Amino acid sequence: VIGVSGCGKTYSVCTTFPRVTVVDYDNQIDDRDCLAKLEGYFPMWNDKFVKEELKIEGHPTKRFTDLMIKLNPTMGPEQTLFIDSGTTFGDKIMSNLEARRVTDGKTKDGEMNTYWLWAEWARNWLAVLTTIKEMKCNVVMSLHEAEMRDDATGRLEKFGIALPGKQMTPRIPQFFTDVVR
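To start, this report covers the structure provided alongside it.

**Quick notes on the overall build of the chain**
Logical step 1: When you go through the chain residue by residue, the secondary structure sums to six helices and seven strands.
Logical step 2: Starting at the N terminus, the α and β elements of the chain follow one another as β-α-β-α-β-α-α-β-α-α-β-β-β.
Logical step 3: In terms of C-alpha radius of gyration, the chain reaches 17 Å, essentially the compact-globule figure of 16 Å for 181 residues.
Logical step 4: Judged by the C-alpha coordinates and their principal axes, the chain covers about 55 × 45 × 25 Å.
Logical step 5: By residue count, 43% of the 181 residues in the chain fall in the buried class.
Logical step 6: Within the chain, counting contacts between residues at least 6 apart in sequence, those at least 24 apart form 57% of the total.

See below:
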């Protein structure tokens, strides 16, 4: 589900899909109707919860894939896993990669490998999306939308997913059977 921030993506998913479990990165679910309908809730924005309750450590992609491994056997086709939002989750992935870039993103000669960040970005997203495809339940991911403007004229050219990257990011929707904007 793709849309601008605040347009009702979360409310729509929580109140219309069957038996929703939320993997929450945004920390913005406060509507009573939405909360009342949830079957499960995982506040991934809360590091203490992730470490102490879920007992999951590591970088954002590892935390996500480890949670999916725990959830997959417990969820079936009559249930919905909702990732809210893929954009905020992507921000966590990018922050982690940027921090690691100083040590991991260098060539054998010690020079900064300018391609490393984007190769790792794609590798992380492929791990996430492959894990999602393996789930036995319905999976919905919300993504924030951004205006794409021409640099020279400022003219609006199109809308796109509000995540960096020119290669992997536009491919995210192809991992889902339906994309709603």
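Here the narrative resumes.
**A word on the side chain of asparagine 124**
Logical step 1: Tracing the sequence through the fold places asparagine 124 in helix H6 (residues 116-133).
Logical step 2: Of the polar contacts made by the side chain of asparagine 124, one reaches the backbone oxygen of glutamate 120; its length is 2.7 Å.
Logical step 3: Not counting residues up to four positions away in its chain, the partners in contact with asparagine 124 are His59, Thr61, Ile93 and Leu97.

What counts, and where the lines are drawn
- The residue numbers shown here count from 1 along each chain, following its written sequence.
- In keeping with the predicted nature of the model, local features appear solely for residues at pLDDT of at least 70, side-chain atom pairs appear and are counted solely at 80 or more, and the whole-chain, interface and lining totals rest on all residues.
- Heavy atoms from the whole structure form the basis of all side-chain values; hydrogens and water molecules are not counted.
- The helix count covers DSSP runs of H or I at least four residues long, the strand count covers runs of E at least two residues long, and both are numbered beginning at the N terminus.
- For a compact globule the rule gives 2.2 Å times the number of residues to the power 0.38, and the radius of gyration it is set against comes from C-alpha atoms.
- Only protein chains enter the accessibility calculation, which uses a 1.4 Å probe; a residue is then buried when its area is under 20% of its type maximum, exposed when over 50%, and partly exposed in between.
- Any two residues having at least one pair of non-hydrogen atoms within 4.5 Å are treated as being in contact.
- A 3.5 Å cut-off defines polar contacts: any pair of N or O atoms within that distance qualifies, except that in protein one atom must be a possible hydrogen donor and the other a possible acceptor, and neighbouring residues in sequence count only when both atoms are side-chain atoms.

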